[in-house]
Amino acid sequence: MPHRTETDSRKLLRRLRDAMSVASPGQERLDRITTIIAESMGVDVCSIYLFRDPDTLELCATEGLRPESVHITRLRLGEGLVGKVARLARPVNTANAPAEPGFRYMPETGEEVFTSFLGVPVQRLGERLGVLVVQAKEPRLYSDDEIYGLEVVAMVIAEMTELGVFVGDSTSFAATHKNPALLRGVTAQEGEAEGEVWLHEPRVVITNLVNDDSRAELARLEGAVAQLRVSIDELLATAGTRDKEHQEVLQTYRMFAHSRGWMKRMEEDIRLGLSAEAAVEKEQSTARARLERVPDAYLRDRLHDLDDLSNRLLRILTGQGRETGATMPDRPILVARNIGPGELLEYGRNLRGVVLEEGAVGSHATIVARALAIPLVINVPRITTEALTGDHILVDGTEGMVHLRPDDSVTSAFRDKTAMQAKAQERYAVLRDKPAQARCGTVIGLKMNAGLMADLPSLVSSGAEAVGLFRTELQFLTQDRMPRRTDLVANYARVLDAADGRPVHFRTLDIGSDKVMPYMNRPDEPNPAMGWRALRVGLDKPGVLRMQLQALIRAAKGRALSVMFPLVATGAEFTEARSMLMREIDREARLGHSLPERLEVGAMLETPSLAFAPKGFYEAVDFISIGGNDLKQFFFAADRENELVRRRYDTLNVSFLTFLQVVVDRCHETDTALSFCGEDAGRPVDALALAGIGIAALSMRPASIGPVKSLIRRANLNEVSELIARVQTRGLETARPALLDYVSTLVD
Ligand code: PEP
Ligand code: MG
């Protein structure tokens, strides 16, 4: 085989492009490609193997092997040299194939006369599509230039196949994008949804693969990279020095954008005949293939950064924004690698569900999805490469599973499940205006948790009697700059207007730990959940808390106001926070603003220490709300964000219930109102236990109010209380089995 030059490569690519532009059946095109490659490379054989399913490669076209073996010869992933190329996702080059370890002789192909072998993966953006092989009788090793040239050709093939050129028979790998897939992830917001995929960042479609003038194309690449560098510098300038993590990512982007190696590889691709965008994508595909094999999380993150950067560059080169002109489906399920809280809010309640390839249980996007009650599954591997806009998708947020392009039996089972839940919801709707009165006569106050304006309509539809917890930090987290006092006043006033006289317990800013505002300085903390967060920040740096308190007073405009402070760990912290509020009240009075007709000041009990605070604290506080999410994590020393431990300890563990009883008794003794507003309040059996030990108010997600009310109305809280006492005296670890037994005896 003669040494190939850049001109040969360019000619080959152009011939391929011309062959592709002729309308003919997929198989004919594939055959034509192999002939052109074999001819222009001067080799005896060129074959294309494509994935039939994730484990099987099939010979789909060949020039030089026996034509009868096409669609007959199959190899498993890793089997033979072809399978090895596919498994390793890198070239295999050998002068003497039969002597190579792992060689598998396929007699039906008649390949015994060919000695040299070069195979390169056909892949697109990390998706393995197949293998392109050339073989020759002559025993020779292929040069680096030849390998590189064949990779460029493989990239063009990958792109064309992806564009559906070969689609048309079921043997094509493209069928994999039509197959049903069950993908598992992690639950971030429970609930079920059926709909169609809406890709948040659709892939850039490359139509121009081969260049006619490499000099012009090099100039295009250079121009685009220059533009990319400027945009990163601008981002760096606006990010300022505040958010360290964001800064670090941008610095890495900048480093990549100035990387000579990256640039050189793309320039080489262009010289060999690719267009600028095809060159960017070729390097992106190689990086993605590497990404899958890198065990080191830090390096994987860096490769992700490079991936993001390539996408930016592709958008500059093709002029394609996020907007593709596609219309959003009626039942959109958002699919994305990751998404920011602001972007998620923009989509708002239009979305039926969200599936993320990355994400975290405590991320801001998760907080927003929870607030919007949109089922969310995170950490779903490969969802963005598997899913196409418009694909039918079922999201099982409760089980953390996603069915992509499900078959009919899966869909109907899923629909049965959701129909049953909808029926139950109908039953709950009947209870909406009825009290949560247990059979013993005790009435439990059911309130809802909220954090966004969008939550407020649920106050009426759920039948909640108040907003037991309004998480004010959501407004701060979903913006890219610190809100001003006037923004806060307007927001709180709208909340109070919408509540229409029902009480709203505003919790002051609870930031730190997992809730980080991009525009605020944040120290690097080894253990942020136990670090400088919530009220601690407010007391040490009172500026924002004071602004918030002023805004609350002004928004109340003479109406009743209820303020509660998060993560109060000692009585002294509460005293200090309360004095701060009183100073603001005085100040507002001096400024001539009207004061709330009634003011309630409460504390969230989220650390065990507060259960044992001096009696003076219990007397001073107007109410206490137990933040069970944080309290449980500190009680059991189990991080609420850590998948490995977060479900490990049961709320109905007797130690925890006994501890909660201490708080109930202390509140009882001092006549202090007590409520519980962690997630557990919304789980019917847990809620029953909490009511049973004497917690008379529960605040939860609006959707949980119906199920909790329904169970409480059927139960007798005296019986629940006795049952828990019996479990305690018997020295059992948990009250759950006994409670479940009890619940199963209750009539519907
Ligand atoms: C809690 O900790 O239980 C709570 C209600 O607050 P958050 O979940 O916002 O920390
Ligand atoms: Mg909390």
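Residues numbered from 1 in each chain as written. Chains lettered and ligands numbered in written order. Predicted model: local features only at pLDDT ≥ 70, side-chain atom pairs only at ≥ 80, totals over all residues. Heavy atoms only, no water.

### Looking at the coordination of the magnesium ion (ligand 2)
Quick reminder of the rule: The rule for donors is simple: N, O or S, within 2.8 Å of the metal, or within 3.2 Å if the metal is Na, K or Ca. Water isn't counted, so a site may look like it is missing partners. Only DSSP runs of H or I reaching four residues or more are called helices, and only runs of E reaching two or more are called strands; each is numbered from the N terminus. Think of it in three bands: residues with accessible area under 20% of the maximum for their type are buried, residues over 50% are exposed, and the middle band is partly exposed, with areas taken using a 1.4 Å probe on protein chains only.
Of the protein atoms, only E606 (OE) and D630 (OD) coordinate the magnesium ion (ligand 2), at distances of 2.0 to 2.1 Å. In this pair, E606 sits in the loop between β20 (599-605) and α20 (615-620) while D630 sits in helix α21 (residues 628-635), placing the two residues 24 residues apart along the sequence. There is no split in this pair, since E606 and D630 are both buried.

### So, the domain arrangement of the protein
How big an interface is tends to be reported as the loss of accessible area on association of its parts. Keep this limit in mind: Domains are outlined according to an automatic or database domain assignment.
For the protein, the assigned domains are domain 1 (6-163), domain 2 (181-202 + 331-404), domain 3 (214-318) and domain 4 (436-744). On a C-alpha basis, the centroid separation for the pair domain 1 and domain 2 is 37 Å.

### Some details on the packing of helix α16 (residues 485-499) against helix α18 (residues 543-556)
What counts is decided by this rule: Fitted lines through C-alpha atoms serve as axes, helices being fitted only where they are in contact, and the angles separating the N-to-C directions of these axes extend from 0 to 180 degrees. Oblique is the label for any angle not covered by the other classes, which are roughly parallel (under 35 degrees), roughly antiparallel (over 145) and roughly perpendicular (65 to 115). Each crossing gets its handedness from the near helix: less than a right angle anticlockwise from the far helix is left-handed, clockwise is right-handed. By definition, residues are in contact when any of their heavy atoms lie within 4.5 Å. By the convention adopted, Pro, Cys, Tyr, Trp, Phe, Met, Ile, Leu, Val and Ala count as nonpolar, Lys, Arg, Asp and Glu as charged, and the other residues, Gly among them, as polar.
Close contact between α16 and α18 brings their axes to 8 Å; oriented N to C, the two are set at 45 degrees. When the axis of α16 is compared with that of α18, the two are oblique. As α16 runs across α18, the sense of the crossing is right-handed. Contacts from R485, L488, V489, Y492, A493 and L496 in α16 reach M547, Q548, Q550, A551, L552, R554, A555 and A556 in α18. Considering only residue class, the contact of α16 with α18 consists of ten nonpolar, two polar and two charged.

### As for the packing of helix α22 (residues 654-670) against helix α25 (residues 717-729)
The contact between α22 and α25 brings their axes to 11 Å, and the two run at 120 degrees. The pairing of α22 with α25 is recorded here as oblique in orientation. The handedness of the crossing between α22 and α25 comes out as left-handed. For the pair α22 and α25, the contacting residues are V654, L657, T658 and Q661 in the first and I724, V727 and Q728 in the second. Across the contact of α22 with α25, the residue classes break down as four nonpolar, three polar and no charged.

### What about α22?
To keep it simple, the criterion reads: Multiplying one less than the number of residues by 1.5 Å gives the expected span of a helix. Pairs of N or O atoms within 3.5 Å make up the polar contacts considered here, provided that, within protein, one atom can donate a hydrogen while the other can accept it, and that residues adjacent in sequence are counted only when both atoms are side-chain atoms.
The first and last C-alpha atoms of α22 sit 25 Å apart over 17 residues, in line with the 24 Å expected at 1.5 Å per residue. By the N-cap criterion, in which a side-chain oxygen at the helix start approaches the backbone nitrogen of a residue two or three places on, α22 is capped by N653, the distance to S655 being 2.8 Å. Within two residues after α22, D671 carries a phi angle of roughly 55 degrees, on the positive side.

### Some remarks on the packing of aromatic side chains
This is how the line gets drawn: Put simply, two rings from Phe, Tyr or Trp (the six-membered ring, in Trp's case) pair if the centres are within 6.5 Å, and we call them stacked under 30 degrees between planes, edge-to-face over 60, tilted for the rest. In this scheme, Lys NZ or Arg CZ marks a charge over a ring once it lies within 6 Å of the ring centre and within 35 degrees of the ring normal.
Evaluated as defined, the whole model comprises eleven aromatic pairs. Arranged with centres 6.0 Å apart and planes meeting at 55 degrees, the rings of F612 and F659 form a pair that is tilted. Placement of F612 in the loop between β20 and α20 and of F659 in helix α22 is noted, with a sequence separation of 47 residues between them. Residue class for F612 comes out exposed when judged on its relative accessible area of 56%. Aromatic pair F636 and F656: ring centres 5.8 Å apart, planes at 45 degrees, arrangement tilted. Here F636 is found in the loop between α21 and α22, whereas its partner F656 is found in helix α22, with 20 residues between them in sequence. F656 sits in the buried class, given a relative accessible area of 0%. Grouped by ring-pair contacts, the aromatic residues F612, F635, F636, Y649, F656 and F659 constitute a single cluster. It is R140 that lies over the ring of Y142; its NZ or CZ is 4.7 Å from the centre.

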